[in-house]
Amino acid sequence: SDDDEEDDDCDEEQVAFRPRYSADESSNEAYAEDLRQQRFHVRKRRVYAVVILIIGFIVVTVIFRIYYFITGGMTGRIIVDGSMKQNSLAKKESFGLFDDIPNSRWKEKKAASKKAVKVQNKMITKTSNMLSESGADIDESKWWEQNWLPNFSCDNKLFIGGKWICEPSRIIDLADDYKTVVGRKKERQRGRKECLIYISGGNDVEFGQQFSSFAEARMAKLHKDEAVVDVSLCEIHIFNHFIDPTLLANMLQQVNGIHIHPFGFRPENKESMGVAGDGSVSAFKTFKETVTELGHSGKSLSMLAIDCEGCEWDIYKEVLSSDLTVQQILFQMHGTPFTANQFFSEMHNAGYAIFQREKVGASVYDYSFLKLKPSYFGSTKPRLRESPNAAEG
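Since we're looking at a predicted model, the values are computed, not measured.

1. Overview of a positive patch on the surface
Taken together, the side chains of Arg-39, Arg-43, Lys-44, Arg-45 and Arg-46 make up a positively charged region of the molecular surface. Here Arg-39 shows up in helix H2 (residues 28-71). Using a relative accessible area of 46% as the deciding quantity, one classes Arg-39 as partly exposed.

Here it is, written out as structure tokens:
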């Protein structure tokens, strides 16, 4: 009937416009409870976020510490720019000797060194005629004044036993340093970077004693909190054909790590040097013979100090061609042979920078050289003037 249809329409309208919330759900109490629930869930999400951040930080820290332990630690120091590699250039190009020079400062040093080499090239052209055997006016004192000045600045050099040494503390630190390396399923330790020193001629005994004392003091400082410390870290070899080895051994009995050899160095091209007429006496050996006999082939010398009254102009070639890497070479130079420019040029091309020069007599100079990687000087090299004798030939 029509009435029934109207009732059905009313029911449909009531269903269509029924409110979403009941009276209880729309009350002030329900609204307040809803706000409390919303605030609770917001706070819970914030707590979860903080917990996740903390866990993430801990995980990253643990991973970094594991990497730090495996690789032996980061030696570069973190400064203002926050870069952990900001000292890497100096460390790389100095074979690890410098670990605290920022890259920007090291680049300034490189620029200054290259400029010094370019200045020296001009001096070679102007002053080569002053050298002995050049066939021109010889002026040794003036040549030394103008040629082969230091081309590298060592900020931490120290005068020990009559010799200038660059970063002597770092030499000891590197020798004392070691790394733990995790292998596939086992742990092994790398050998130490040796502190191995050769000294021949000059004040060799004093130098050896004083550097040994310096090394012991440095070791004691590095391990001041340890009960027992082996302070005799450096192995020092003194080569002196003038001194009775027995007497010298008694003099040095309180000094650890010093070895005395009753012979000096001679160049390879001077076989008769120090040999008696009957061939029974030989107070000299070549550098390579010495290295082989002592079992040091393939190793690294921290320092080589030679004062052989003129043989340095020849013996350097043997040092450079040996399989023994020398970090610092301390030569005392005597006179000015025509090959002087060649000596310094070949030292430079082998990677040796001059960090100290000191006059100790008439045409006698103490030079201190430091080994750097070829990338330090790059393509900047000394340009030698062709000798008049070579041109005539």
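Back to the text.
2. Considering the confidence of the model for the protein
For the protein, the average pLDDT comes to 79, and 74% of its residues sit at 70 or higher. Here residues 72-84 scores under 50 on pLDDT; set against residues more than four positions off or in separate chains, the count is 20 contacts. Every residue in residues 387-393 is under pLDDT 50, and counting partners more than four places away or in other chains gives 5 contacts.

3. Observations concerning the sheet that holds strand E7 (residues 258-261)
Pairing is mixed in the open sheet, where 7 strands are placed in the order E7-E6-E5-E10-E11-E13-E12. The two strands at the open ends of the sheet, each matched to only one other strand, are E7 and strand E12 (352-361). When strand polarity is set aside, the average angle formed by the axes of neighbouring strands in this sheet is 15 degrees. As paired strands, strand E5 (residues 196-200) and strand E6 (residues 235-239) are joined by 5 bridges and run parallel to one another. Paired with Tyr-198 across the bridge in E6 is His-237. Against the sheet, helix H7 (residues 204-222) contacts E5, E6, E7, strand E10 (300-306) and strand E11 (325-334), and its axis sits at roughly 175 degrees relative to E6.

4. Description of a nonpolar patch on the surface
Side chains of Val-47, Tyr-48, Val-51, Ile-52, Ile-55, Val-59 and Ile-63 sit close together on the surface and give an oily, nonpolar patch of about 670 Å² of accessible area. Secondary-structure assignment places Val-51 in helix H2.

5. Remarks on the state of the cysteines
Throughout the structure, instances matching the rule amount to 3 disulfides. A sulfur-sulfur distance of 2.1 Å marks the disulfide that ties Cys-154 to Cys-166. Where Cys-154 bonds to Cys-166 through sulfur, the torsion about that S-S bond is close to 95 degrees, and the disulfide is right-handed. A residue pair is termed long-range when its members are at least 10 positions apart, and Cys-154 in the loop between helix H5 (140-146) and strand E1 (157-160) and Cys-166 in strand E2 (residues 163-166) qualify at 12 residues. As far as burial versus exposure is concerned, Cys-154 and Cys-166 are alike and both buried. Across the disulfide from Cys-195 sits Cys-234; the S-S distance is 2.1 Å. Its S-S torsion of about 85 degrees marks the bond between Cys-195 and Cys-234 as right-handed, since a negative value means left-handed. Residue Cys-195 is located in the loop between strand E4 (187-189) and E5, and its partner Cys-234 is located in the loop between H7 and E6; the two are separated by 39 residues in the primary sequence.

Conventions we followed
- Residues numbered from 1 in each chain as written.
- Predicted model: local features only at pLDDT ≥ 70, side-chain atom pairs only at ≥ 80, totals over all residues.
- Heavy atoms only, no water.
- Patch = residues over 30% accessible without salt bridge, like charges linked within 9 Å, V, L, I, M, F, W, Y side chains within 5 Å.
- Areas by Shrake-Rupley, 256 points an atom, 1.4 Å probe, with all protein chains shown as cover.
- Salt bridge = Lys/Arg side-chain N within 4 Å of Asp/Glu carboxyl O.
- Lys, Arg positive; Asp, Glu negative; His and termini not counted.
- Charge placed at Lys NZ, Arg CZ, Asp CG, Glu CD.
- Helix = DSSP H or I, 4+ residues; strand = E, 2+ residues; numbered from the N terminus.
- Buried < 20%, exposed > 50% of the residue type's maximum accessible area, 1.4 Å probe, protein only.
- pLDDT = per-residue confidence, 0-100.
- Contact = heavy atoms within 4.5 Å.
- Pairing = 2+ DSSP bridges.
- Axes fitted to C-alpha atoms, helices over the stretch in contact; angles between N-to-C directions.
- Disulfide = S-S within 2.5 Å.

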